[in-house]
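As a plain string of letters, each chain reads:
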Amino acid sequence: MNTGEFLNRLEDALRGKVSNQVIEANLQYYRDYITGEIRKGRTEEQVMDDLGDPRLIARTIIETQGGSGTGAGSGSSSASGYSYSQQAERSSYRSEKKVRRIQSWKVYLILILIIVVIFVIIGTVFSLAFRILLSPVFWALVMIGFAVQIFRGRR
């Protein structure tokens, strides 16, 4: 979905359920938000993914406005109040998404570190065992041990 489709779907979902002022205020807000995010270097697709379904956003706007098509309570101050609320919700959603990504990244790092430590320990044990088996001192001690066993057995 691109910006135009998003804004059209949002407008269609709001039409007849809130005042034209609220519709225009929210369309302008989302148009500015999308443009600003793209200027920051994000792709249109990334911005659309973060925003989600425009019908769900419209439902929230309608609930916030009380669902009236016209009336005193549906002026621009309510629309701007909604925009602030919606922006806070989106920020919260993005923060949760980042936390999940960071947590999974940390989990993978910890697993990799544990595997590396296990391999280092196993490698060290085998290296020590190999060095001991090749050591002449080890074999001398083994021969002395056998000799002691043989002499003890003759008594």
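Look up: the structure comes first, before these words.
Residues numbered from 1 in each chain as written. Predicted model: local features only at pLDDT ≥ 70, side-chain atom pairs only at ≥ 80, totals over all residues. Heavy atoms only, no water.

1. Looking at the overall build of the protein
Consideration 1: Counting secondary structure elements, the protein contains six helices and zero strands.
Consideration 2: Starting at the N terminus, the α and β elements of the protein follow one another as α-α-α-α-α-α.
Consideration 3: In the protein, which comprises 155 residues, the share counted as buried stands at 23%.
Consideration 4: Look at the contacts in the protein between residues 6 or more apart in sequence, and 69% of them connect residues 24 or more apart.
Consideration 5: In the form shown here, the protein has an accessible surface area of approximately 11,100 Å², with 63% of it arising from carbon and sulfur atoms. (Helix = DSSP H or I, 4+ residues; strand = E, 2+ residues; numbered from the N terminus. Buried < 20%, exposed > 50% of the residue type's maximum accessible area, 1.4 Å probe, protein only. Contact = heavy atoms within 4.5 Å. Areas by Shrake-Rupley, 256 points an atom, 1.4 Å probe, with all protein chains shown as cover.)

2. Examining helix 3 (residues 44-51)
Consideration 1: Among the residues of helix 3, Val47, Met48, Asp50 and Leu51 are the ones counted as buried. For helix 3, the angular spread of buried residues about the axis comes to 160 degrees, placing them on one side. More than 90 degrees from the buried face of helix 3, the exposed residues found are Glu45 and Asp49.
Consideration 2: Backbone geometry just downstream of helix 3 places Gly52 in the positive-phi region, at approximately 85 degrees. (Arc of directions from axis to C-beta.)

3. Regarding the nonpolar core
Consideration 1: Ranked by size, the top nonpolar core spans 20 residues in total, and within it Phe6, Leu10, Leu14, Tyr30, Ile34, Leu51 and Ile57 carry the most contacts.
Consideration 2: Elements represented by at least two residues in this core include exactly helix 1 (3-14), helix 2 (20-39), helix 3 and helix 4 (54-65).
Consideration 3: The element best represented in this core is helix 2, accounting for seven residues. (Core = buried A, V, L, I, M, F, W, Y, C linked by side-chain atoms within 4.5 Å.)

4. What to know about the packing of helix 1 against helix 4
Consideration 1: Between helix 1 and helix 4, whose axes approach to 8 Å, the crossing angle comes to 40 degrees. For the element pair helix 1 / helix 4, the angle class is oblique. In the packing of helix 1 onto helix 4, the handedness of the crossing is right-handed. Contacts between helix 1 and helix 4 pair Phe6, Arg9, Leu10, Ala13 and Leu14 from the former with Pro54, Arg55, Ile57, Ala58, Ile61 and Ile62 from the latter.
Consideration 2: Its residues assigned to classes, the contact of helix 1 with helix 4 shows nine nonpolar, no polar and two charged. (Axes fitted to C-alpha atoms, helices over the stretch in contact; angles between N-to-C directions. Parallel < 35°, antiparallel > 145°, perpendicular 65-115°, else oblique. Left-handed = near helix turned anticlockwise from the far one by under 90°. Nonpolar A, V, L, I, M, F, W, Y, C, P; charged D, E, K, R; others polar.)

5. Points about the pattern of salt bridges
Consideration 1: Scanning the model with the defined rule gives five salt bridges in all.
Consideration 2: Notably, a salt bridge pairs Lys40 with Glu37, separated by 3.0 Å at the nearest N-O pair.
Consideration 3: A salt bridge links Arg42 to Glu37, with the shortest nitrogen-to-oxygen separation between them at 2.9 Å.
Consideration 4: On the accessibility criterion, Glu37 (8% relative accessible area) is buried.
Consideration 5: Residues joined by salt bridges that share partners form a network here, namely Glu37, Lys40, Arg42 and Asp50. (Salt bridge = Lys/Arg side-chain N within 4 Å of Asp/Glu carboxyl O.)

6. Topic: the packing of aromatic side chains
Consideration 1: For the structure shown, the criterion picks out four aromatic pairs.
Consideration 2: Pairwise contacts between aromatic rings join Phe6, Tyr29, Tyr30 and Tyr33 into one cluster. (Phe/Tyr/Trp six-rings, centres within 6.5 Å; stacked < 30°, edge-to-face > 60°.)

7. Some words on a nonpolar patch on the surface
Consideration 1: On the surface, Val107, Tyr108, Ile110, Leu111, Ile114, Ile118, Ile122 and Phe126 cluster together to form a nonpolar patch covering roughly 810 Å² of accessible area.
Consideration 2: Looking at the secondary structure, you find Ile110 in helix 5 (residues 76-134).
Consideration 3: Residue classification places Ile110 among the partly exposed residues on the basis of a relative accessible area of 49%. (Patch = residues over 30% accessible without salt bridge, like charges linked within 9 Å, V, L, I, M, F, W, Y side chains within 5 Å.)

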